[in-house]
Amino acid sequence: MAIFSNQATLTYNGSSTNSNIAYGEILDVLVATKTSVEGDYTPGQIVTYVVTLRNTGNAALTGLTVTDDLGGYDFGGTTVYPLTYEAGSAALFTNGVPQAAPAVNPGPPLVFSGITVPAGGDVVLVYQARANEYANPEIGSTIDNTVTVTGDGLSAPITATETVVVVAEPLLTISKSITPSQVVDNDRVTYTFVIQNAGNSAVVATDNASITDTFDPVLTALTVTFDGATWTQGVQYNYNEVTGLFTTVPGQILVPAATYAQDPVTGAYTATPGIATLVVTGTI
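Now for a quick tour of the structure. Note that this is a predicted model, so its numbers are computed, not measured.

Here's the deal with the pattern of salt bridges
Link 1 in the chain: Tallied over the full model, the rule gives four salt bridges.
Link 2 in the chain: For Arg-54, the salt bridge is made with Asp-122, and the minimal N-O distance between the two is 4.0 Å. In this pair, Arg-54 sits in strand β5 (residues 46–55) while Asp-122 sits in strand β14 (residues 122–131), placing the two residues 68 residues apart along the sequence.
Link 3 in the chain: Using a relative accessible area of 41% as the deciding quantity, one classes Arg-54 as partly exposed.
Link 4 in the chain: Among the residues examined, Asp-122 registers a relative accessible area of 18% and is labelled buried.
Link 5 in the chain: Notably, a salt bridge pairs Glu-86 with Arg-130, separated by 3.1 Å at the nearest N-O pair. With Glu-86 in the loop between β9 (83–85) and β10 (91–94) and Arg-130 in strand β14, this residue pair connects regions lying 44 residues apart in the sequence.

Examining unusual backbone geometry
Link 1 in the chain: Geometrically, the link from Pro-108 to Pro-109 is a cis peptide bond, its omega value of -10° lying close to zero.
Link 2 in the chain: Tracing the chain through its elements places Pro-109 in the loop between β12 (103–105) and β13 (110–117).
Link 3 in the chain: Here the bond from Thr-179 into Pro-180 is cis, since omega is -15°, no more than 30 degrees from zero.
Link 4 in the chain: Tracing the backbone through its elements, the reader meets Pro-180 in the loop between β17 (172–179) and β18 (188–197).

Concerning the nonpolar core
Link 1 in the chain: Leu-30, Leu-53, Phe-112, Ile-115, Tyr-127 and Val-149 are the most contacted members of the largest nonpolar core, which has 33 residues in total.
Link 2 in the chain: At the level of secondary structure, the elements contributing two or more residues to this core comprise β3 (30–36), β5, β6 (61–68), β9, β13, β14, β15 (142–150) and β16 (158–166).
Link 3 in the chain: Contacts of Leu-53, omitting those with residues within four sequence positions, involve Leu-30, Val-31, Ala-32, Val-66, Ile-115, Val-117, Gly-121, Asp-122, Val-123 and Val-149.
Link 4 in the chain: Membership of the second largest hydrophobic core comes to 21 residues, among which are Phe-193, Val-203, Val-255 and Ala-276.

Side note on the sheet that holds strand β26 (residues 274–283)
Link 1 in the chain: If you trace the five strands from one edge of the open sheet to the other, you get β17-β18-β26-β20-β21, paired in antiparallel fashion. Single-partner strands in this sheet number two, and they are β17 and β21 (229–230).

Observations concerning the sheet that holds strand β19 (residues 212–214)
Link 1 in the chain: The sheet built from three strands is open, its strands ordered β19-β23-β22 with antiparallel pairing. With one partner strand each, in any of the chains shown, β19 and β22 (237–239) form the two edges of the open sheet. Direction aside, neighbouring strands of the sheet carry axes that sit 10° apart on average.
Link 2 in the chain: Of the strand pairs in this sheet, β22 and strand β23 (residues 245–248) are connected by three bridges, and their pairing is antiparallel. Across the sheet, the residue bridging to Tyr-237 is Thr-248, located in β23.

Examining the packing of aromatic side chains
Link 1 in the chain: Under the criterion given, the structure shown has nine aromatic pairs.
Link 2 in the chain: Seen from their ring centres, Tyr-191 and Phe-215 are 5.0 Å apart, and the 5° between their planes marks the pair as stacked. Here Tyr-191, found in strand β18, pairs with Phe-215, found in the loop between β19 and β20 (220–226); they are 24 residues apart in sequence, far enough to count as distant. Here the two residues Tyr-191 and Phe-215 agree in accessibility, since each one is buried.
Link 3 in the chain: An angle of 25° between the planes, with centres 5.0 Å apart, marks the rings of Phe-226 and Trp-231 as stacked. Across this residue pair, the class does not change: Phe-226 and Trp-231 are buried.
Link 4 in the chain: What links up through ring pairs into an aromatic cluster is the set Tyr-191, Phe-215, Tyr-237, Tyr-239 and Phe-246.
Link 5 in the chain: Directly above the aromatic system of Tyr-49 lies the positively charged group of Lys-34, at a separation of 4.2 Å from the ring centroid.

Quick look at the pairing of β10
Link 1 in the chain: With burial as the criterion, only one face of β10 is covered, namely that bearing Leu-92 and Thr-94; the residues Ala-91 and Phe-93 on the opposite face remain uncovered.
Link 2 in the chain: Strand direction decides the pairing type here: β10 and β14, joined by four bridges, are antiparallel. Across the sheet, residue Phe-93 finds its bridge partner in β14, namely Val-124.
Link 3 in the chain: Where β10 and strand β11 (residues 97–99) come together, three bridges link them in antiparallel fashion. Residue pairing in the sheet places Leu-92 in a bridge with Gln-99 of β11.
Link 4 in the chain: Hairpin connection between β10 and β11: a loop of two residues separates the two successive antiparallel strands, and Asn-95 in this loop has a positive phi of roughly 50°.

What counts as what
- Residues numbered from 1 in each chain as written.
- Predicted model: local features only at pLDDT ≥ 70, side-chain atom pairs only at ≥ 80, totals over all residues.
- Heavy atoms only, no water.
- Salt bridge = Lys/Arg side-chain N within 4 Å of Asp/Glu carboxyl O.
- Helix = DSSP H or I, 4+ residues; strand = E, 2+ residues; numbered from the N terminus.
- Buried < 20%, exposed > 50% of the residue type's maximum accessible area, 1.4 Å probe, protein only.
- Core = buried A, V, L, I, M, F, W, Y, C linked by side-chain atoms within 4.5 Å.
- Contact = heavy atoms within 4.5 Å.
- Pairing = 2+ DSSP bridges.
- Axes fitted to C-alpha atoms, helices over the stretch in contact; angles between N-to-C directions.
- Phe/Tyr/Trp six-rings, centres within 6.5 Å; stacked < 30°, edge-to-face > 60°.
- Lys NZ or Arg CZ within 6 Å of the ring centre and 35° of its normal.

Geometry only, nothing functional implied.
Have a look at this one:
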């Protein structure tokens, strides 16, 4: 919607007088909305966007261009883009009927061109973008993403914005090593479990994280430490010396969240995982 105004001037016998100011408004014949299917993002994952263009006028709007800023933001005097278009993901529907995909320039910014919205009808454009290394992974972060529609028949560009919030969750991996790797009967052997958290949330007691392992050959005379602190059987872990089944009590495995740094030159984020270490030593 655009407001316009107009005022007339009457001159006579060397004098002049002004009329009142008349106001009017130009109603947008095109309405644009943008939504995300997921509503949130995790760095490295795909976000699906749906852009709807509704033509309330009595004439078709042809040759429209939809430009997506891919969430671009200023960093050190340049623009970095936290989203990358997924090639081949675009789909177009006119009044619910599938159409040929529009012409795409992946950018950034991302540009779809040659779109026609029929009179009294609508077009739905669906496409995907991947959150990349410029997407802030820290809790509370967002990607604010705007599309701008331009073309003949529009009195001004039409915009629509969608905001997605980063998912707050841990992301765990575990590795296991043994020392020494060559042993004989009655030797002491040590298993080391390293748990890494690449997520933005710490693993806390209520997450009920637990490790289960069956030692083969069975170990006896266990000693167990977690991050250097000695654990007690029946309190932090349970062990069956007959079967070799070892389990930690749910909620005893705690892992800090990852920490993040944004490169001062490129603007890319890197993660340093949070780490916790479980050490189990026993006699074979």
